[in-house]
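# Structure at a glance
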Amino acid sequence: MTIGATASVAACGAGREAAVAPPRPPTTGDVTAHGEADEQAAGKAALDAYSGYLAASRTASRRGDPHAPELSRFLADPLLTRVRMAIRDAKEHGAMRTGTLRSAPTVTAVSLDSDPPTVEIQDCLDATGYRLVYTKDGRAVPGSGGKRYLATATATRYPDGRWLISAGAAHQDQPC
């Protein structure tokens, strides 16, 4: 399952195709010692990308646009494709997400010497005010009530310097 925002933000549908090719992770890199300031900067950039991902996913879900350009500003594959598929699937079933998704992410690990560099994020997503509803009449989709649960994500630094969220998982069986 995709990170909570994807599962919670998803509203699917066919939309315009994005003309932006997904970034490729670096294949080689210099292994250097990184200081605490570098790690803090990486953590901040990763959290910014994560917040952007949640916002872009909510917006694309509300519009039913799986190819919304803002998705590729914050996401990379394989997560980008999973989010797009979830949005498309919800739209094809006449549904969309509405309401408020609350997030409290923290950085759990920074690996600047890995190839590519990564940052691990853990979040307690509160989807109690975030509902999957039918677009036709606004009724809640049965069994789609939200709850609080653990979510994890991986941010990856790409050759152009951007940090993008490339992996994520919702651990809905783990309340927080």
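Residue numbering note: each chain is counted from 1, following its sequence as written. In view of the model being predicted, local features appear only for residues whose pLDDT reaches at least 70, and side-chain atom pairs are presented and counted only at 80 or more, with totals across whole chains, interfaces and linings using the full set of residues. Remark: hydrogens and water are excluded; side-chain values derive from all non-hydrogen atoms of the structure.

## Quick look at unusual backbone geometry
How we decide: Under the scheme used here, helices are H or I runs from DSSP no shorter than 4 residues and strands are E runs no shorter than 2 residues, and both carry numbers assigned from the N terminus.
Following Asp77, the chain continues to Pro78 via a peptide bond in cis, the omega torsion being 15 degrees. Position of Pro78 relative to the elements: it lies in the loop between helix H3 (69-74) and helix H4 (79-92). For the bond running from Asp115 to Pro116, omega is 5 degrees, close enough to zero to count as cis. Secondary-structure assignment places Pro116 in the loop between strand S2 (106-111) and strand S3 (118-134).

## A word on the pairing of strand S4 (residues 148-157)
How we decide: When a residue's accessible area, from a 1.4 Å probe over protein chains only, is under 20% of the maximum for its type it is buried; when over 50% it is exposed; and in between it is partly exposed. At least two bridges found by DSSP between two strands are what make those strands a pair.
With respect to burial, S4 is a largely interior element, 7 of its 10 residues being buried. Sheet analysis places S3 next to S4, joined by 9 bridges and oriented antiparallel. Residue pairing for S4: Asp126 is matched across the bridge by Arg148. Two strands pair when backbone bridges link them, and S4 and strand S5 (residues 163-171) are joined in this way by 8 bridges, in the antiparallel orientation. Residue Thr154 lies in a different strand from S5, and its bridge partner there is Ala167.

## Description of the pattern of salt bridges
Our working rule: Between Lys or Arg on one side and Asp or Glu on the other, a salt bridge is scored when a side-chain nitrogen of the former is within 4 Å of a carboxyl oxygen of the latter.
Taken as a whole and assessed by the stated rule, the structure comprises 7 salt bridges. Arg63 is the partner of Asp65 in a salt bridge, and the nearest nitrogen-oxygen pair spans 3.9 Å.

## Focus: the state of the cysteines
Let me state the cut-off plainly: The disulfide criterion used throughout: a pair of cysteine sulfur atoms within 2.5 Å.
Taken as a whole and assessed by the stated rule, the structure comprises 1 disulfide. The disulfide that involves Cys124 links it to Cys176, with 1.9 Å between the sulfurs. Every disulfide takes its handedness from the sign of the S-S torsion; for Cys124 and Cys176 that torsion is 90 degrees, giving right-handed. One end of the pair, Cys124, is in strand S3; the other, Cys176, is in the segment after S5, with 52 residues separating them in the sequence.

## Some points on helix H2 (residues 36-63)
The condition is simple: Here a helix's expected span is defined as the number of its residues, less one, multiplied by 1.5 Å.
For H2, which comprises 28 residues, the first-to-last C-alpha distance of 40 Å matches the rise-based estimate of 40 Å (1.5 Å per residue) to within 8%. Every buried residue of H2 is listed here: Ala42, Gly43, Ala46, Ala49, Tyr50, Gly52, Tyr53, Leu54, Ala56, Ser57, Ala60 and Ser61.

## Regarding H4
Applied cut-off: Think of it as the arc spanned by the lines of direction from the helix axis to the C-beta atoms.
Between the first and last C-alpha of H4 there are 20 Å, a value that for 14 residues agrees with the 20 Å anticipated at 1.5 Å per step. For H4, the complete set of buried residues consists of Leu79, Leu80, Val83, Arg84, Ile87 and Ala90. Along the long axis of H4, the arc covered by the buried residues comes to 135 degrees, so they all point the same way. Directly after H4, the chain includes Gly94, whose backbone phi takes a positive value near 75 degrees.

## Quick word on the side chain of Ser166
This is how the line gets drawn: Polar contact criterion, stated in full: a pair of N or O atoms within 3.5 Å, where within protein one must be able to donate a hydrogen and the other to accept it, and residues adjacent in sequence count only if both atoms are side-chain atoms. Here a residue-residue contact requires only that any non-hydrogen atoms of the pair lie within 4.5 Å.
Structurally, Ser166 is set in strand S5. Classification of Ser166 as buried rests on a relative accessible area of 8%. Side chain to side chain, Ser166 and Thr156 meet in a polar contact 2.8 Å long. Each residue touching Ser166, except ones within four places of it in the same chain, is listed here: Ala76, Asp77, Pro78, Leu79, Thr154, Thr156 and Tyr158.

## Remarks on the pairing of S2
The side chains of a regular strand alternate between both faces of the sheet. One ladder, built from 5 bridges, connects S2 with S3; its direction is antiparallel. The partner of Ala109 across the bridge, within S3, is Glu120. Joining the antiparallel neighbours S2 and S3 is a turn of 6 residues.

## Observations concerning the packing of aromatic side chains
Quick note on the threshold: Aromatic pairs are defined between Phe, Tyr and Trp rings, using the six-membered ring for Trp, whenever the two ring centres lie within 6.5 Å; interplanar angles under 30 degrees are classed as stacked, those over 60 as edge-to-face, and all others as tilted.
Within this structure, the stated rule accounts for 1 aromatic pair. With a centroid separation of 5.9 Å and 65 degrees between ring planes, the pair formed by Tyr50 and Tyr53 is classed as edge-to-face. Note that Tyr50 and Tyr53 are positioned in helix H2 at a spacing of 3 residues, about one turn of the helix. Considered together, Tyr50 and Tyr53 belong to a single accessibility category, that of buried residues.

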